[in-house]
Protein chains: 2
Amino acid sequence: MQPTSRLLSRARRHSFTCNRYTSIFPLVIPFEILISLVPRRSISTPSLGLEMALSHPVYTVWGSNTGVGKTLVSAGLATAVLCPASRPSCPSTFLYVKPVQTGFPDDSDSRFVFRKTCEFFLHQRPKTSLFASNQAVKSSVVAAKRLPDLSIDERTGNDSGLRELCSFEERRMCGADSPTDGFELVCKTLYGWKEAVSPHLAAEKEGGVVSDEELIDSLQKCLHLHYVDGDFGSEARMWSVIETAGGVASPGPSGSLQCDIYRAFRLPAILVGDGRLGGISGTISAYESLKLRGYDIPAVILEDHGLRNEESLLSYLRNRVHVFVLPTVPKDLSDNLMIWFSESQTVFSSLKEILLDQYLKRIHRFREMQKKAGTMLWWPFTQHKLVPDENITVIDSRCGENFAVYKAAKDGKRSVISQQFDACASWWTQGPDVALQIDLAQDMGYAAARYGHVMFPENVYEPALRCTELLIEGVGKGWASRTYFSDNGSTAIEIALKMAFRKYSVDHGILSRLTNVKPHMDTIDFKVLALNGSYHGDTLGAMEAQAPSPFTGFLQQPWYTGRGLFLDPPTVFLSNMVWKLQLPSVLQSHHLSRDILSFGCRNQLFSRNRDISALSQAYSDYISGQLSLCEGSKSSYIAALIIEPVIQGAGGMHMIDPLFQRILINECHERGIPVIYDEVFTGFWRLGVESAAELLGRQPDIACYAKLMTGGVIPLAATLATEAVYNSFSGDSKLMALLHGHSYSAHALGCTAAVKAIQWFKDPHTNRNIIPQKMLLRELWDSELVYQLSAKSPVKRVIALGTLCAIELNSESNDSGYASLCSSFLIRELRRDGIYLRPLGNVIYLMCGPCTCPQVCRQVLEKVYERISGTNTF
Amino acid sequence: MQPTSRLLSRARRHSFTCNRYTSIFPLVIPFEILISLVPRRSISTPSLGLEMALSHPVYTVWGSNTGVGKTLVSAGLATAVLCPASRPSCPSTFLYVKPVQTGFPDDSDSRFVFRKTCEFFLHQRPKTSLFASNQAVKSSVVAAKRLPDLSIDERTGNDSGLRELCSFEERRMCGADSPTDGFELVCKTLYGWKEAVSPHLAAEKEGGVVSDEELIDSLQKCLHLHYVDGDFGSEARMWSVIETAGGVASPGPSGSLQCDIYRAFRLPAILVGDGRLGGISGTISAYESLKLRGYDIPAVILEDHGLRNEESLLSYLRNRVHVFVLPTVPKDLSDNLMIWFSESQTVFSSLKEILLDQYLKRIHRFREMQKKAGTMLWWPFTQHKLVPDENITVIDSRCGENFAVYKAAKDGKRSVISQQFDACASWWTQGPDVALQIDLAQDMGYAAARYGHVMFPENVYEPALRCTELLIEGVGKGWASRTYFSDNGSTAIEIALKMAFRKYSVDHGILSRLTNVKPHMDTIDFKVLALNGSYHGDTLGAMEAQAPSPFTGFLQQPWYTGRGLFLDPPTVFLSNMVWKLQLPSVLQSHHLSRDILSFGCRNQLFSRNRDISALSQAYSDYISGQLSLCEGSKSSYIAALIIEPVIQGAGGMHMIDPLFQRILINECHERGIPVIYDEVFTGFWRLGVESAAELLGRQPDIACYAKLMTGGVIPLAATLATEAVYNSFSGDSKLMALLHGHSYSAHALGCTAAVKAIQWFKDPHTNRNIIPQKMLLRELWDSELVYQLSAKSPVKRVIALGTLCAIELNSESNDSGYASLCSSFLIRELRRDGIYLRPLGNVIYLMCGPCTCPQVCRQVLEKVYERISGTNTF
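The present account deals with the structure reproduced in this document.

Analysis parameters
Residues numbered from 1 in each chain as written. Chains lettered and ligands numbered in written order. Predicted model: local features only at pLDDT ≥ 70, side-chain atom pairs only at ≥ 80, totals over all residues. Heavy atoms only, no water. Helix = DSSP H or I, 4+ residues; strand = E, 2+ residues; numbered from the N terminus. Buried < 20%, exposed > 50% of the residue type's maximum accessible area, 1.4 Å probe, protein only. Contact = heavy atoms within 4.5 Å. Areas by Shrake-Rupley, 256 points an atom, 1.4 Å probe, with all protein chains shown as cover. Pairing = 2+ DSSP bridges. Axes fitted to C-alpha atoms, helices over the stretch in contact; angles between N-to-C directions. Parallel < 35°, antiparallel > 145°, perpendicular 65-115°, else oblique. Left-handed = near helix turned anticlockwise from the far one by under 90°. Nonpolar A, V, L, I, M, F, W, Y, C, P; charged D, E, K, R; others polar. Buried area = accessible area lost by both parts, 1.4 Å probe. Salt bridge = Lys/Arg side-chain N within 4 Å of Asp/Glu carboxyl O. Polar contact = N/O pair within 3.5 Å; in protein donor to acceptor, adjacent residues only side chain to side chain. Least-squares fit on C-alpha atoms with pLDDT ≥ 70 in both. Core = buried A, V, L, I, M, F, W, Y, C linked by side-chain atoms within 4.5 Å.

## Regarding the overall build of chain A
Line of reasoning, step 1. Tallying secondary structure elements over chain A gives 27 helices and 32 strands in all.
Line of reasoning, step 2. When each of the 874 residues of chain A is scored for burial, the buried share is 67%.
Line of reasoning, step 3. Contacts in chain A between residues far apart in sequence, at least 24 positions, make up 73% of those at least 6 positions apart.
Line of reasoning, step 4. Approximately 29,200 Å² of chain A is accessible, and the part contributed by carbon and sulfur atoms is 51%.

Set out below in structure tokens:
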């Protein structure tokens, strides 16, 4: 926060003269200037190593406001666990962590929990014994100075403004049991600041700003340090409770909101509600803020203030959450609270039981999910027989680019929730970093509340219109004037084909023949021009536009015939540290110079200098030759060109020579054949530019978008078209219109997500990978490493472009192609490394989002490099 | 709340002995019992007449907590409007409304606004004149008793526990202007209660519970009563401000949360934030609660407490909201605040400017939306040439079953936001009532935050698994064991066809022939058996399974061939108050008795007694005759039956004789032809039962679901199948698997919505239309009215079943069918009545949700009845 506040103060000095009691803006500072002073909330994707043990209940205590009694609840829970009324089957350890404490050391919630639990232990005199300790780990220098001298570890420097402390106190209290087999209470304060204000202000003032990563890392280490091994039945042998500071959305030391900082752990929450006047509202809103970040909240607990707030909360929360009411806390500060804790024991015991029950249910569900998945789900593109239950990944949640994955206890290791980088970008849909995900979540809630879904035809509503505007100004810039919405890439392609055919029919006089004479439809045969290896989706119309492949055989779709002229394209790739061009056999007979087959760098491939060359001429001859063969038949027409610009995705991540695609488009333009770009995979920065059309330098008549368009949160597709294409559907009859639609056409949630994502990806303030002057993504995959990788013996070829890094592995000839299993060993190894890959046969690929931090990409690529280097064959 | 609290108290007396300081549950009362004590938050769909004027700025003032200074902000805004520093071009009226006041009459926020504004006016001495008044309209009896006697209107009864008041005060203050052309302040309290507690407690205690409808209605009337006509430029001639009570989610008099009660108006909000310690969190959470209900919040304003909360708020809200800071309010109660108001004038003036600016932008956007829609959008199934800009509906939002529609100023009427019943259920997708919409919005936010979207194949995550469980236990009960997810009905059908063909291939030995000899694919011809008039979607595969129609012609899809055997089905309908059967011509030659052609009631149609009858035999003969004709060819196979059970939707809302469909299924089962139900339209209570299969009494092998499955909030489709169908894809090769999939297969948001909607619709606690013993919806369309309607001369036939009431109009023979325009006059009339219909040619239909209150259905149907009765021809 320091830079902001300094900027703000400067702005203030400048413009507010001596009086800050005015609006911060807009009459004084223009809105646009002010927001640039306020830094974007930057929340990092959790690191790959992050793990959270599931061996025992771990809960976070949140408050709906400050001063609602979070620490009383923590202490109460500690007493319920450590001072049980009836003798439990085994003793327990209770870990209490206060990661961030202000007002320290005068205030210390961990000391409070430590002292009150000890006091209550003595008050109750159970037969068990208790070993209790309290420790403060680090604090600001000013806070440290208030501690007895010996508490400060003088060895540590104070560059960070923080001191390591030796502040430690402990007590042993024996009951009838032997002290060695007793209960244990461990209380910890991780970071303390002196001033009793919001942590971000204290940290700014006293020094010692702790980054979110550092805080999370310290917390993780602390949780890992203290745990008790072994399984348990109905009693938990260990409890961990983390108590946050202030309210749910109070800033942490960095200024990020605490509900965002702790999100990676997604620990179940206890929400301490507010029993006072106005407390219903505050509690409900706090609950909603936690839900809006994906937290589960099994229990709400609040102090009784005689206002029956719990009734309204129950009514609101019914069927979802347990609500507990605590006795009114004595106002007398000299009261030691022992009577209050005694009176509250039934509540805390119930709370404890509920929390344990919820914990056990969660673990049970995790365990049964694999098995149930195996018996109930039917995955796309999956031979279930080849997926044993233990290979099924149980995904608890996602946070930015990472999955949080459940890993069952195995080989003496505890069961954990572990972070895995989603390197397949969940089928190429994913774009959000953590901050965008949080924003999108809020937008999804808002759009559902404002619109749900509303009918599109003959109507207009803000998200649909705004999304259309952004598409036409963005990927459609300079050519598109209309947007047709549907639900996925495949439907977008079917619509594109219908558009192209109509346009062709109008332009080539076929439509007028149709309307004059009732046509024998059989006599007119429309074909598409397409490339071998292309892929446009799984519905029949989209399939007909692609060449025969395992996806299209009789086994899969008996109705497929393949209505296209399919050309063999030249491909380019990096191999042995050189970019190479591979010509299809039909072009190899041309007497072309050998130097055109390799390139100094990737950029050369896209150079317009290549347009006038022998190769260019050879391409042109080949294409026009093929087209004229088709033109022989009177009733058969090539009525559309459809291509995936630059990279063929599902076909195996092949990069097509951009020159070839440019020539292809030229030839079609000359013949009046409408050109369709299938940008479902390549669109929205996937290849480093918003539209792959920019790489080709040619504009289509029609283009299809989906996947990344919504930031990867929800299905939506768009087919963009020129005004000329649109006009070919204009007429006096409804029957002339494009009679294609899906129920959720232009649905409000999808359009809202697209509006956010399209803007987020291209704005340098939100996407730091954008090079503003060029509107390009900076290089995300370390070039040096990519080149090195291409020289490794198991590697056949590499393609790195934009967010994609694809690696084809050498394989036995009988194990290549889509059904290949040769990469499976490598995939398993990398999943263990925290990288979730999914191969395309013998091609593995890494895919990040447009905003993914290059350091993360490097970290992931290095792991892949290591694994590939360590292996000769798979 | 009265019934609840009474029940709760009883429960408490019973179980809590003398101590309420324990958990309300679960150890004391089981959770299940307790939640049944707590009533569902019931929020009604806003009534059709509801309108909100857009002729001037209207804002709601919300508080992030109690005591944050909402009334100071309201008064400040009044002073900025009424006591301007510089002379405005025209005088203004400021309406301040406090709908709900507790602590009344000692506390009265409207009196405070009235007095402080007057005082400030005198303090500032502007040259203008001011006429100010303050009025309280109704209060509880105890509150009324504290007023001077003459304030109580003794004529009003007190059945409702409320008294009408004559409490009124006014002041005239003249400046240099003539008093007739002065400024005006109107302050109103609508409902007052004596006790200074939450309104629901006060109303419960003092009597005078005001329902949400009544409150909204009073507020609307109050807003309509006071307005100033005429357009204005940069100055608003009228301002209205509504101040809520307590925090955003504080209960209103009925116990419903205020943010829910006022949602129908969706007025833009001013959020008064909290400048105190903890206030950042409270303000952010309150902001999120408002967003999560679809509100727009142009400004946040908070009192300065020296903690710089505004910086954190700006950082969080950046780019979205303006943040204003007010000087600290003097703590001294004797301070008359005149100095504070003076100091705050720059802030309030800025706030006023921003609010005016936002208002003007909103109006401007409304005005340009129609035009932009006409030039940029491309609607499905729409001949744009036939839609002039002024016919385009601008939808501001939806609330339950209603659209909130922008209506431009016209014929001397002000521009308004008006409620329209969405009678086409937005292409048959809609199910939510207001309460479900709010719940779904929260779930969408949660799911996006927890998962975004995660990859499905070989993975499992809670929403996908839970949704699968609910589908298999629900619509798939008794037959389905696997669920295949996709994005819409059309893709679900393509998947179903692929499944059926594989199953047929396996069962009939075709697969083994394929794998032994490389087949000439051309030699095997798979056809579907289907009914004329059926409709299964717009992608090519789905289209091939339907008979030729305007949707499938060369003009639309040159690749369509129609790969089916299409039978003419018998239909049933209500005409002239009798349910009639109409046989296709081919069956009319059968010598069938005439009495089988009419039925006493709808239920007779579904009776199993009809299974053994001459008609049944005639159906069977007809079907087997047709099938044997096809079996003649050696390489041609009928490999699937596909039907829309009971009602063909897009084909024109035709009800097929259920007996015919039963016989059809029997014949296919006998021949080993897999049966597909297309339940995309009929599924999830659309026809009054969860699956239309229940009406037919026959189970399919495969069934497709979409539309209502997610409650109508987001696209998701599912193809359910038996284990036998699933097994036909099992094998050692990946190539045997079903290689069909879409990027967002089983996306988390869609599955989460489906989980909520499926449960909500079938639970009698949430859906009061469910008859629990029978698991049927009660009759939603008034039978008497439906019968009467069928006797009207413009009506050809009526079908009322479940949520559907379809009416075919008589039309000239050259204007029937899909392209018919004959209903357009009626449609226009009904839209004026607040009913948004969309015709299918000459068929109009009303469609509600499974939870829609039958009173609403009746109201809508009555309007249609009136309009039809008043017209002879269209």
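## What about the sheet that holds strand E25 (residues 702-705) of chain B?
All names here are of chain B.
Line of reasoning, step 1. In spatial order, the strands read E15-E26-E25-E24-E21-E16-E17; together these seven strands make up an open sheet with mixed pairing. Two strands bound the open sheet, and with one partner strand each, they are strand E15 (482-486) and strand E17 (564-567). Neighbouring strand axes in the sheet, compared pairwise and without regard to direction, differ in orientation by 25° on average.
Line of reasoning, step 2. With four bridges connecting them, E25 and strand E26 (residues 717-721) associate as antiparallel partners. Bridge pairing links Ile702 to Ala721 in E26.

## Here's the deal with the packing of helix H11 (residues 338-376) of chain A against helix H14 (residues 462-473) of chain B
Helix-helix packing: each pair is described by the crossing angle between the helix axes and the interaxial distance.
Line of reasoning, step 1. Put simply, H11(A) and H14(B) touch, their axes get as near as 11 Å, and they point 55° apart. Judged on the interaxial angle alone, H14(B) and H11(A) are oblique. The handedness of the crossing between H11(A) and H14(B) comes out as left-handed. Residues A:Arg365, A:Met369, A:Lys372, A:Ala373 and A:Met376 of H11(A) lie in contact with H14(B), whose contacting residues are B:Glu462, B:Leu465, B:Arg466, B:Thr468, B:Glu469 and B:Ile472.
Line of reasoning, step 2. Its residues assigned to classes, the contact of H11(A) with H14(B) shows five nonpolar, one polar and five charged.

## Focus on the interface of chain A and chain B
Line of reasoning, step 1. Taken residue by residue, the interface counts 209 residues in chain A and 209 residues in chain B.
Line of reasoning, step 2. Approximately 19,400 Å² of surface area, both sides summed, lies buried where chain A meets chain B, with 61% of it carried by carbon and sulfur atoms.
Line of reasoning, step 3. Three residues stand out in chain A for area buried against chain B, namely A:Trp378, A:Phe554 and A:Trp559, and they jointly supply 6% of the buried area on that side.
Line of reasoning, step 4. Connecting chain A to chain B are 20 salt bridges.
Line of reasoning, step 5. Where B:Glu458 meets A:Arg838, a salt bridge forms, and the shortest distance between an N and an O atom there is 3.5 Å.
Line of reasoning, step 6. In this structure, the connection of chain A to chain B is made through 107 residue pairs in polar contact (both at pLDDT 80 or more).
Line of reasoning, step 7. For the side of chain A that touches chain B, the leading source of residues is H11(A), giving 13 residues.
Line of reasoning, step 8. Partitioning the side of chain A that touches chain B into residue classes produces 104 nonpolar, 63 polar and 42 charged.
Line of reasoning, step 9. Examined bridge by bridge, strand E11 (residues 393-399) of chain A and strand E14 (residues 459-460) of chain B share two bridges and lie parallel to one another. Note that in E14(B) the partner of A:Thr393 across the bridge is B:Asn459.

## Let's talk about the relation of the copies chain A and chain B
Line of reasoning, step 1. Take chain A, turn it by 180°, move it 0.0 Å along the axis, and it overlays chain B with an RMSD of 0.0 Å. Seen this way, the second copy is the image of the first under a two-fold rotation axis. The position closest to the rotation axis in chain A is occupied by the C-alpha of A:Gly445, lying 2.2 Å away.
Line of reasoning, step 2. Here 100% of the interface residues in chain A have copies in chain B that are interface residues too; the copies meet face to matching face.

## Remarks on the sheet that holds strand E3 (residues 93-102) of chain B
All names here are of chain B.
Line of reasoning, step 1. In spatial order, the strands read E5-E4-E6-E3-E7-E2-E8-E9-E10; together these nine strands make up an open sheet with mixed pairing. Of all strands in the sheet, those with a lone pairing partner are strand E5 (162-173) and strand E10 (322-326), marking the two edges. Across this sheet, the average inter-strand angle for adjacent strands is 20°, counted without regard to direction.
Line of reasoning, step 2. Taken together, the four bridges between strand E2 (residues 58-63) and strand E8 (residues 269-272) define a ladder with parallel strand orientation. Following the sheet pairing, Trp62 is matched in E8 by Leu271.
Line of reasoning, step 3. This element, helix H9 (residues 279-291), spans E2, E8 and strand E9 (299-303) of the sheet and lies at about 160° to E8.

## A look at the nonpolar core
Line of reasoning, step 1. A:Met653 and B:Met653 are the most contacted members of the largest nonpolar core, which totals 599 residues.
Line of reasoning, step 2. When sequence neighbours within four positions are dropped, the list of residues in contact with B:Met653 reads B:Trp428, B:Ile647, B:Gln648, B:Phe681, B:Arg797, B:Ile799, B:Leu804, B:Ala806, B:Leu840, B:Val843, B:Tyr845 and B:Met847.

## Remarks on the pattern of salt bridges
Line of reasoning, step 1. By the definition in use, this model includes 94 salt bridges over all chains.
Line of reasoning, step 2. As a salt-bridge pair, B:Asp109 and B:Lys98 come within 2.7 Å of each other at their nearest N and O atoms. Of this pair, B:Asp109 sits in helix H4 (residues 109-124) while B:Lys98 sits in strand E3; the two residues are eleven residues apart in sequence, bridging distant segments of the chain.
Line of reasoning, step 3. The exposure class of B:Asp109 is buried, given its relative accessible area of 17%.
Line of reasoning, step 4. By relative accessible area, which is 3% here, B:Lys98 ends up buried.
Line of reasoning, step 5. Measuring nitrogen to oxygen at the nearest pair gives 2.5 Å for the salt bridge that ties B:Glu829 to B:Arg867. Remark: B:Arg867 occurs in helix H27 (residues 854-869) and B:Glu829 occurs in helix H26 (residues 824-832); sequence separation between them is 38 residues.
Line of reasoning, step 6. Residues joined in a network through salt bridges with shared partners are A:Arg365, A:Glu368, A:Lys372, B:Glu462, B:Arg466 and B:Glu469.

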